[in-house]
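Working through the structure, step by step
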Amino acid sequence: MSLKFDEGKFQKLFPNADTNSSRIKYTIQDSDYRVYMPTWNGNKTELSMQIDHIRNNATDDHANLVLTFNPDGTLQQVAGDWEAGGDGFKIPPVVVLAVDSAAAVIVAGAAVAAPETAGLSAAVGLVVTAAAVAFDVYSALFNYISPKLIKLSDDGGRLYTTAVVCHAVNRACSCVSA
Amino acid sequence: MSTIALDYNYFPLMLESGKDLNIPDFKTSDNGKDAWEYYGNFKSSNYDKVVSFQYQNQVPGDDDPLNYRVWYMETSVVGDNMGLIVSCKIDYDRGNRDDHLTLICGFDATGKLVLAQAAAQFHGADDKNFKISPVIANTDGVGNDVSEGLYNAMRDTQKKVDYGDDRDNAGRKGFAYVAMMISQCFIKSVRA
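Every value quoted in this text rests on a predicted model; they were computed, and no experiment measured them.

Description of the pairing of strand S4 (residues 49-55) of chain B
All names here are of chain B. Buried residues dominate S4, accounting for 6 of its 7 residues. Inspection of the sheet shows strand S2 (residues 21-22) paired to S4 by 2 bridges, in the antiparallel sense. Within the sheet, the bridge partner assigned to Asn22 lies in S4 and is Gln54. As paired elements, strand S3 (residues 36-38) and S4 share 3 bridges and run antiparallel to each other. Residue pairing for S4: Glu37 is matched across the bridge by Val50. Alignment of S4 against strand S5 (residues 66-71), held across 6 bridges, turns out to be antiparallel.

Encoded structure:
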């Protein structure tokens, strides 16, 4: 039995959005973002997502995510990376593992990992509730990129991408079912 | 069963009632609903609106209040009504060059604030930008009050930083109080 992703529901979860079958474009907090329709990888347990922070007259920032689900449709893992438009700076991939529990979905994240230990082997540390799952990933990414990011000009829209990614992952999870 | 959501119209009413906070455009007649006003590059939806507010009496020898604005929040429901993520950008208005704070709050199914995180980007002071570690209820020295934990984390991060003049120090360090108050307004405005 394979997992299902409800594209129609996903499109409707973005506020005041301009949508077509392949992408959702929306304006929030005075910046523009493009969320591509998530697609299943081969075995239908991994959902790939790309999110752009649209920078007018400049190369967009790109976030790439792979969400891995358990057979029952609950989130097992989020892997993510991020590339700054303009100079091509990339952050090392980060993985956050989600662990199920009786009371709530508990997440063991990589948010406190040091940059040199980034990656799956570092995916231990914080225990947070499900509401934080995506944000945990991106707080980890922020730790990695901040020495570089602070040298890049911004109007607030690049920084807010962290929240856009968090909401997009959260919305995607709510559209996956067994 | 209703879906967990943020009551946007209640938010300005709560913000206006905060100590040392003032919304110049607040009208008692409508409980502050008109405090949401278009701002910035786009003017097509509520999500292009802000509440502009002041933080008063923070600059030594200066009666001019500090000016901030908070953007119309983005929210998304967690799973099958298991919680709510609320995020917004907060601007510290320095005249023509704003500073930005991104604030994310996570609420559980009962409307309890269980997570807060913030990151700041200052105009022209790049080496002083900061992010705090996630503030999670009842972990790592954070008690049950995540708003207070958010304030403590931001205050501690900025404590020894000198942003230059009195006004910038007050305004940028004021993000800690402002973010705490906004998170408390979220708590009062989330309908579980």
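Remarks on the environment of Pro71 of chain A
All names here are of chain A. Relative to the assigned elements, Pro71 resides in the loop between strand S7 (61-69) and strand S8 (75-83). Between the alpha carbons of Pro71 and Thr45 there is a distance of 7.5 Å; along the sequence they are 26 residues apart. With near-sequence residues (within four places) excluded, Pro71 lies in contact with Leu3 and Ala178.

Some points on unusual backbone geometry
Positive phi, normally seen in glycine, also occurs at Asn16 of chain A, with a value near 50 degrees. Structurally, the position occupied by Asn16 of chain A is in the loop between helix H1 (7-12) and strand S2 (18-19). Note on Asn16 of chain A: relative accessible area 42%, which makes it partly exposed. The backbone phi angle of Asn31 of chain B is positive, close to 55 degrees, even though this residue is not glycine. Mapped onto the secondary structure, Asn31 of chain B falls in the loop between S2 and S3.

Focus: the packing of aromatic side chains
Inspection of every chain in the model, using the stated rule, returns 20 aromatic pairs over all chains. Judged by centre distance (5.2 Å) and plane angle (35 degrees), the rings of Tyr68 of chain B and Tyr92 of chain B are tilted. Of the two residues, Tyr68 of chain B sits in strand S5 while Tyr92 of chain B sits in strand S7 (residues 83-93), which places them 24 residues apart along the sequence. Given a relative accessible area of 2%, Tyr68 of chain B falls into the buried group. Following the ring pairs from residue to residue traces out a cluster consisting of Phe53, Tyr68, Tyr92, Phe122, Phe130, Tyr163 and Phe175 of chain B. The ring of Phe14 of chain A has Arg171 of chain A lying over it, and the distance from NZ or CZ to the ring centre is 4.6 Å.

Cut-off values and rules
Residues numbered from 1 in each chain as written. Chains lettered and ligands numbered in written order. Predicted model: local features only at pLDDT ≥ 70, side-chain atom pairs only at ≥ 80, totals over all residues. Heavy atoms only, no water. Buried < 20%, exposed > 50% of the residue type's maximum accessible area, 1.4 Å probe, protein only. Helix = DSSP H or I, 4+ residues; strand = E, 2+ residues; numbered from the N terminus. Pairing = 2+ DSSP bridges. Contact = heavy atoms within 4.5 Å. Phe/Tyr/Trp six-rings, centres within 6.5 Å; stacked < 30°, edge-to-face > 60°. Lys NZ or Arg CZ within 6 Å of the ring centre and 35° of its normal.

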